[in-house]
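Chain by chain, the residues run as shown.
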Amino acid sequence: MRRLKTRPFPYYVGLHSLEELVTREHRVCVMNILGSESRKVTPVSHEYSGGNIVAGVQYGRRGSLETKLGAIPVYRSIREVMDHGIAFDMGVVYIPPQGVCKAVSELVTHNEALKRIVIVTEKVPARDSRNIRALCQEAGVDVIGANCLGMANAWDRVRIGGSLGGDHPEETLVKGSIAIHSNSGNFTTTMAEYLRTAGFGISTAVSSGKDVYIHFALPEFLYAAQNDPRTKAVVIYVEPGGYYEKMALDWIRDRTFGFTKPIIACVTGRWKKNITRACGHAGALSGSGDDAESKERWFDEYFGVDVFDPKTSEVSKRGVRVSSIQYIPDAVRAVYEKIGEKPDFATTGDLSLKLWLSDTMVKVPPVLDLPLTKPPAPYDRQVVEVIKQVGAHYLRQNMADKSGASRMSPETQVSELHGKSVLDLSRRTMEENLFFALAKVMPDKVDIPTLNLILNLFLKIDERRMAAIDVARDNGCTPNAYLASQIALVGDKGLLAKSREHARFIIDLIREFGLDEHTEALPPELDAYVEKHLLSAEPSRKTDVSNLLFKEVKKSKKSCVALRVCQHIIDMAEKKKLEIRDTYEFLLATIAVCVLWNPMLEKRISRQLVEDSVTYFYLMARIVAYSVVDRDRNPHWKKLVDKKLSNLNLSFTENAFKVLFGRVPDPTELLEFQTLLGLTITNGPGTLSAKGAKESVSARNDISMSFVGFLSNTGRAHGGNGYESINFLMEQFKEAGLKDPGDPNHGLDLKAMANKAAKAYGAYKKRAQEVEDGVVKPIPCINHPVFRGNKINVDPREQFVSGMLAEKGIYNAFWEFYRHLVKELYAEGVTKNVFCVNVDAVLAVIALKLVWKDLQAGRLSLRQVQEVAFTLFLFGRSVGASAEIADHRDRGLDMDCRTPENELTYVL
């Protein structure tokens, strides 16, 4: 047993001066030396300290750790180190938390010459820390930590423990007159660097850690600092929790030890006052009277002055408290002037904010609009490479039952895409929603005509391909099946692959030459690079489409560096009479990159999505083009898909309506059409259609096959079930003589019709319940598992759309019938309360209204009506599928949608 007490302390402290804490004469053994952290930090410490680490322990294995000063031998235990005659008096512990106490015990038990132990490990259990304290006090061993970065002596150029001073401690840990004691390891280095910049070096730095037990706390540190002739002042960084600081200040006042040197104290953590669990350092959770404000009061009373204000620089000879570490250099300078001392050396810079990177997308106030400065090496090269990176970068993870695109609100049961509800999206056009699905923001008004141009251009198909769809229809295929058959043939070569390559080239060009919106003149080196990699003397295939896109790109006034560069390339090619390779694909890529450039710079979307964007636009347009129900009677479809450059400037939404319904919509029909499409965009990532898209991405399919995955996961029960409600409504109205469901003066008694239907359903229900199985088929589109249980129930989604259309003066007889029906069912005692009309009814009544006149006139058959209803669902859900596919490509992993074997069940 060694000493239990060291005057003036009621406990053991094994040093008189900070000079003794860590020196070059000390020899070190590192526990868990080959661990992931130690194997990086230990060689730096060893080399900086002149080779003071004599051995390491890696339980269960022997070996060595290479350093520039030679290999450090590694043994299986402390006993083995001692058996080999290796002497050391310092131990460093990198052992995982649960093993720290045992490692300390081994060090103390087998080495009587041990003086100090540094515990780098964080999250050591408080009970173990208590036992470590008792063990080391009895053995006369000082402990630094746990949860610390160790200690350093700048005069002797030695550090023991963690990474104080970083990878180049000689740059930060400069010889001087300041002693640092910090609850934060990283801030220990930061404060040393701040002081060095202002002309102050350090004598000793101690990262104390901030666990519940601080084994080398402020009282013993100040005692040793007072006795250190190198130290003129002390800088401390204090977090909430514990009374070590109060104990130290009380002992100074009581003259337990005669401390006379100034202290500069930074107390942080006011925000932790009201938290109830540890956040950050385990000991930084205040209890009773030891929060940040209490500690601020302790120091202010001791100093006799208020917190440091750089404008007045008022301090006392005892020191001052600062509110942030950024004020420490100014406070130290003011204190040194107060006590008649000078800085340790000339200043080497200043702490003003120096921008290495800027954000050209964000406009900041002039006071924050600071100039860029060139970073020192090696950061200058790293910053150049970082600037070349663009777009969002997502963490890859298992995305089987996750989505970064869609969700269903558990409170409202309203689905959302990128944070916008489908109710909001129902107010938008199809082209706007497709852009939003990809970009996560709505398009600028200036971009909408360009989007329409591209989407309408991709409607141009080879009509001969429709023969395969005719065969599919004759064989009874549903719309999702025959659309999937054509989308599967798209593949990923030709136009799509070349457009992707050109998009990648444009982005690389801009980032490689460091161009942005503030670039005044394009560098001449860019011309040479473009001419070498993009231009050719060989004539390119010129088409009317290419000429149209040329004009579109050249006339654009959009403020965008991507557009400016591409316009420059076009001008350069014309002046030099050279051709752009794959001109058509280059122009498509130019337009796609330009419309998505800002969302990419804002890191809303990934670079991969921008490069793939032409593919998404192409596939969406193809789905619409192949969806025509009766092309022989649809002259509008023929004009849209022919090779003539007509109808390109119209709204894509309007053209999609023409494809499906074979007529020009009036404003009311167009609004109802886009409302229906918006409502069907998504129902969350758990739907069959979304899972089909995600599973296809998980199998590493191309984008086109991922759309096939979405399409093949729709069917008569998901997407095609709208015809059940349409059939129900047609049965109710088949002899009613309704001419125009949009005319409120239709002359029908809808309430009476609803009462008749309610009575008929009540009779059916009674009969069905009397049979053996008692299965009752429900009326489509009424009731909801969430919106139920009240006397009168409503689906807020249905209510929202009804109100929105009512504001526009739009009427729907089928909708009014449904609202009467739920009341009559209750009035006739068929239901216990008034059911809601759910959102599925909205889709059914709008779809039936849009086809009613054609159906009554015989221009559409019942099957075709069913196809139209199914296809309407596919149009809207294709937009949502685009978002799910892009999201899973950005975040997901190969095979992440595979079901693990242990989650499967074999059924006999």
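Above this text is the structure in question.
Visitor: Looking at this structure, I do not really get the overall build of the protein chain. What am I missing?
Guide: Across its full length, the protein chain carries 33 helices and 19 strands. For the protein chain, the residues scored as buried account for 56% of the 908 residues in total. Considering only residue pairs separated by 6 or more positions, the protein chain has 74% of its internal contacts joining residues 24 or more positions apart. For the protein chain, the distance from the average site of its 119 positive side-chain charges to the average site of its 112 negative ones is 1 Å.

Visitor: Just to check I follow, could you spell out helix α8 (residues 244–253) for this structure?
Guide: Along an α-helix, a turn takes 3.6 residues, which lines up residues three or four apart on a common side. Where α8 is concerned, the buried positions are Tyr244, Glu245, Ala248, Leu249, Trp251 and Ile252. Seen end-on, α8 carries its buried residues on one side only, within an arc spanning 160 degrees. Buried-residue contacts for α8 involve α7 (218–226), β12 (233–238) and α9 (292–303). Looking one or two places after α8, you find Arg255, whose phi comes out positive at around 60 degrees.

Visitor: What is the right way to look at the sheet that holds strand β3 (residues 63–65) in this model?
Guide: Reading across the sheet, the 7 strands line up as β3-β4-β2-β1-β5-β6-β7 and stay open at both edges, with mixed pairing between neighbours. The outermost strands of the open sheet, each flanked by one partner alone, are β3 and β7 (142–145). Ignoring which end each strand starts from, the neighbouring axes of this sheet average 25 degrees apart. Bridge analysis of strand β6 (residues 116–119) against β7 gives 4 bridges, and the strand direction is parallel. Counted as the bridge partner of Arg116 is Asp142 from β7. Strands β1 (28–31), β2 (53–57), β3 and β4 (72–75) of the sheet are contacted by helix α1 (residues 38–48), whose axis makes an angle of about 60 degrees with β3.

Visitor: It is not clear to me how the packing of aromatic side chains should be interpreted in this structure. Could you clarify?
Guide: When we look at a pair of aromatic rings, we describe it by the centre distance and by the angle of the planes. Taken as a whole and judged by the stated rule, the model has 26 aromatic pairs. An aromatic cluster is defined as three or more aromatic residues linked by ring pairs; in this entry it consists of Phe728, Phe733, Phe814, Phe817, Tyr818 and Trp852. Directly above the ring of Tyr11 sits Arg133, whose terminal nitrogen or CZ lies 5.2 Å from the centroid.

Visitor: Honestly, the environment of Ala625 in this entry has me stumped. Any pointers?
Guide: Looking at the secondary structure, you find Ala625 in helix α22 (residues 607–625). In the structure, Ala625 is positioned 142 residues away from Leu483 in sequence and 9.7 Å away in space, judged by C-alpha atoms. Setting aside chain neighbours within four positions, we find Ala625 in contact with Leu459, Ile461, Trp637, Val641 and Val659.

Visitor: For this particular structure, what's the right way to read the nonpolar core?
Guide: Across soluble globular proteins, you tend to see nonpolar side chains buried next to one another. With 171 residues, the main nonpolar core has Leu549, Trp597, Phe733, Tyr818 and Leu821 as its most contacted residues. Not counting chain neighbours up to four residues away, the residues in contact with Leu549 comprise Leu453, Ile454, Leu457, Tyr584, Leu587, Leu588 and Ile591. With 84 residues, the next largest nonpolar core counts Phe216, Val235, Ile264 and Ala334 among its residues.

Visitor: Even after reading the chapter, I still don't get the pattern of salt bridges, so can you show me in this structure?
Guide: As enumerated under the stated definition, the model contains 51 salt bridges in all. The salt bridge partner of Arg700 is Asp894, with a shortest N-O separation of 2.5 Å. Taken together, the residues span a long stretch of sequence, with Arg700 in the loop between α26 (688–698) and α27 (703–712) and Asp894 in the segment after α33 (862–891) at a distance of 194 residues. Residue Arg700 is classed as exposed on the basis of its relative accessible area, which comes to 63%. With relative accessibility at 42%, the residue Asp894 sits in the partly exposed group. Residues participating in the shared-partner salt-bridge network are Arg270, Glu293, Glu296, Asp300 and Arg321.

Visitor: I would appreciate a short explanation of the packing of α26 against α33 in the present structure.
Guide: Working note: a packed helix pair is described by the angle between its axes plus the distance between those axes. In contact at an axis separation of 9 Å, α26 and α33 are set at 35 degrees when each is read in the N-to-C sense. The element α26 and its partner α33 pack so that their crossing is right-handed. Between α26 and α33, the residues in contact are Ser689, Ala690, Ala693, Lys694, Val697 and Ser698 and Arg877, Glu884, Ile885, His888 and Arg889, respectively. Looking at the contact of α26 with α33 residue by residue, the class counts come to 4 nonpolar, 3 polar and 4 charged.

Visitor: Whenever I open this one, the pairing of β6 confuses me. Can you help?
Guide: One face of the sheet, then the other: side chains in a regular strand alternate in exactly this way. Because side chains alternate across β6, one face comprises the buried residues Arg116 and Val118, and the other comprises Ile117 and Ile119, equally buried. Crossover handedness for the path strand β5 (residues 90–93) to helix α3 (residues 100–110) to β6: right-handed. Each parallel crossover has a hand, and the one from β6 via helix α4 (residues 126–139) to β7 is right-handed.

Visitor: What am I meant to see in the pairing of strand β13 (residues 263–267) here?
Guide: Buried residues dominate β13, accounting for 5 of its 5 residues. On β13, burial covers both faces: Ile263, Ala265 and Val267 on one face and Ile264 and Cys266 on the other are all buried. Relative to β13, β12 runs parallel, the two sharing 5 bridges. Within the sheet, the bridge partner assigned to Val238 lies in β13 and is Val267. In the sheet, β13 pairs with strand β14 (residues 319–322) via 4 bridges, with the strands oriented parallel. Across the sheet, residue Ile264 finds its bridge partner in β14, namely Val320.

Visitor: Would you take a moment to explain the side chain of Asp228 for this structure?
Guide: On the secondary structure map, Asp228 appears in the loop between α7 and β12. When its relative accessible area of 0% is taken as the criterion, Asp228 is described as buried. The residues contacting Asp228, other than those within four sequence positions of it, are Ser17, Leu18, Glu19, Ser203 and Lys261.

Visitor: Help me understand the environment of Val771, please; the structure alone is not making it clear to me.
Guide: The topology assignment puts Val771 in the loop between α29 (750–770) and α30 (796–807). Taking the C-alpha atoms as reference, Val771 lies 36 Å from Phe873; in sequence the two are 102 residues apart.

Visitor: Looking at this structure, how should I read the packing of α22 against α33?
Guide: Interhelical geometry of α22 versus α33 gives an angle of 155 degrees and a closest axis separation of 11 Å. By the criterion of interaxial angle, the relationship of α22 to α33 is roughly antiparallel. Here α22 runs over α33; the crossing is right-handed. Of the residues in α33, those in contact with Gln608, Leu609, Asp612, Tyr616, Met620, Ile623 and Val624 of α22 are Phe875, Ser878, Val879, Ser882, Ile885, Ala886, Arg889 and Asp890.

Visitor: Please clarify how the state of the cysteines should be interpreted in this entry.
Guide: Each disulfide consists of one covalent bond between the sulfur atoms belonging to two cysteines. Evaluation of the coordinates by the stated rule reveals 0 disulfides. Looking at Cys781, it has no disulfide partner, and the nearest cysteine sulfur is the one in Cys836, 10 Å off.

Parameters at a glance
- Residues numbered from 1 in each chain as written.
- Predicted model: local features only at pLDDT ≥ 70, side-chain atom pairs only at ≥ 80, totals over all residues.
- Heavy atoms only, no water.
- Helix = DSSP H or I, 4+ residues; strand = E, 2+ residues; numbered from the N terminus.
- Buried < 20%, exposed > 50% of the residue type's maximum accessible area, 1.4 Å probe, protein only.
- Contact = heavy atoms within 4.5 Å.
- Lys, Arg positive; Asp, Glu negative; His and termini not counted.
- Charge placed at Lys NZ, Arg CZ, Asp CG, Glu CD.
- Arc of directions from axis to C-beta.
- Pairing = 2+ DSSP bridges.
- Axes fitted to C-alpha atoms, helices over the stretch in contact; angles between N-to-C directions.
- Phe/Tyr/Trp six-rings, centres within 6.5 Å; stacked < 30°, edge-to-face > 60°.
- Lys NZ or Arg CZ within 6 Å of the ring centre and 35° of its normal.
- Core = buried A, V, L, I, M, F, W, Y, C linked by side-chain atoms within 4.5 Å.
- Salt bridge = Lys/Arg side-chain N within 4 Å of Asp/Glu carboxyl O.
- Left-handed = near helix turned anticlockwise from the far one by under 90°.
- Nonpolar A, V, L, I, M, F, W, Y, C, P; charged D, E, K, R; others polar.
- Right-handed = clockwise from strand over helix to strand, strands pointing away.
- Parallel < 35°, antiparallel > 145°, perpendicular 65-115°, else oblique.
- Disulfide = S-S within 2.5 Å.

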